[in-house]
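Observations on the three-dimensional arrangement
Listed below, chain by chain, are the residues.
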Amino acid sequence: MRMIDPHLHLDRMKGKEVETLSMAGVEGAVLPTPHMLQWMVSAETLFRMWRMFLDFEVKHSASLGIKVFVTLSVPFYGLDTESVAEALKAMPGYLDHPSVVGLGEIGMDAGIPDEERLFRAQLAIAREQGKPVIVHTPTPLEPQAVEVCRQIIKVLESERFPMDKVVFDHTGRASFRDRIDTGAMVGLSLCYDKLRPEDAAEIVAEYPQFRSQLLINSEFGYAADGYFSVPRSVLSMRRLGLKRDAIETITWDNPKRFFDLDID
Ligand SMILES: [Zn+2]
């Protein structure tokens, strides 16, 4: 089975883990800028992180068999107000890099005005540059998940942001229909605080009509299995009797099309 992991925090992985993931069949990945950094770092710290992703992670992962693409964002937390403004100003210059395929993680978690302002500012940049966005939403376990997810959808609608350029990540069952009904892509994030690989397989089996809208990603991975959520979900889908075409629509065709990835 061909696999791309379209939301993998690969910078947190050890080289050996990247190699094992590659041997498990993951050929491509999208490395997003996380929605949160440690407190009080400067804009320059963020720029260094972007450059590390683009100059180091892309090449290092390629040497281990995984073609990595990057999305950039200004994290919701970690920068003071001045640094946020500086980072937003500098971001368009970095978006021209050939390995950058979009913005993300942008979005909201607690749903507070600070987050919403930053979300709108980053949507404006994405729209200007015609880039897709990875939208972070609260984890399914957080009590505000459904409410904030609806708030995020309202922001996207009020900004008239094209839904075909949106993937809502960190989907839970409670907010699944709200997300899918927008026509956007829906990311099933298989991670210790989100869905399990078996949940993703069940959702894929349950909603054949939505398969062109689904992505499966690993975020930080699930429990002791580390970052192997996508290969595990493939195993779960095979156990449910899903055929290769159906599986690869989700693990290969959809991420390649959505992010317009230069991978063959
Ligand atoms: Zn993430």
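Look up a bit, the structure's there.
Here is a short report on the structure shown in this document. Please read all numbers here as calculations on a predicted model, not as lab measurements. (Residues numbered from 1 in each chain as written. Predicted model: local features only at pLDDT ≥ 70, side-chain atom pairs only at ≥ 80, totals over all residues. Heavy atoms only, no water.)

What follows is about the pairing of strand β5 (residues 133-136). Side chains Val-133 and Val-135 project from β5 onto one buried face, and the interleaved Ile-134 and His-136 project onto a second face that is buried too. Here strand β4 (residues 100-107) runs beside β5; their pairing, made up of three bridges, is parallel. Within β5, the position partnered with Gly-107 by the bridge is His-136. Between β4 and its parallel partner β5, the chain crosses via helix α4 (residues 113-129), and the hand of that crossover is right-handed. (Buried < 20%, exposed > 50% of the residue type's maximum accessible area, 1.4 Å probe, protein only. Helix = DSSP H or I, 4+ residues; strand = E, 2+ residues; numbered from the N terminus. Pairing = 2+ DSSP bridges. Right-handed = clockwise from strand over helix to strand, strands pointing away.)

Our next topic: the pattern of salt bridges. With the rule as written, the count across this model stands at 16 salt bridges. Linking Arg-120 and Glu-116 is a salt bridge whose minimum nitrogen-to-oxygen distance equals 3.0 Å. Here Arg-120 pairs with Glu-116, and both are found in helix α4, just four residues apart, close to one helical turn. For Arg-120, a relative accessible area of 26% corresponds to the partly exposed category. (Salt bridge = Lys/Arg side-chain N within 4 Å of Asp/Glu carboxyl O.)

Our focus in this paragraph is the side chain of Ser-236. Within the secondary structure, Ser-236 is located in helix α8 (residues 229-239). By relative accessible area, which is 7% here, Ser-236 ends up buried.

Next up on the list: the coordination of the zinc ion. Within the protein, the atoms that donate to the zinc ion are His-7 (NE2), His-9 (NE2), Glu-105 (OE) and Glu-219 (OE), at distances of 1.9 to 2.1 Å. Coordination at the zinc ion is irregular, judged from the four donor atoms that bind it and the angles of 87 to 172 degrees they form at the metal. Mapping the donors of the zinc ion onto the primary sequence gives the spacing H-x1-H-x95-E-x113-E. Placement of the pair is His-7 in the loop between β1 (3-5) and α1 (15-23) and Glu-105 in strand β4, with a sequence separation of 98 residues. Taken individually, His-7 and Glu-105 each receive the classification buried, so the pair is uniform in this respect. (Donors = N, O, S within 2.8 Å, 3.2 Å for Na, K, Ca; no water. Tetrahedral: all angles 85-135°; square planar, octahedral: opposite > 155°, others 65-115°.)

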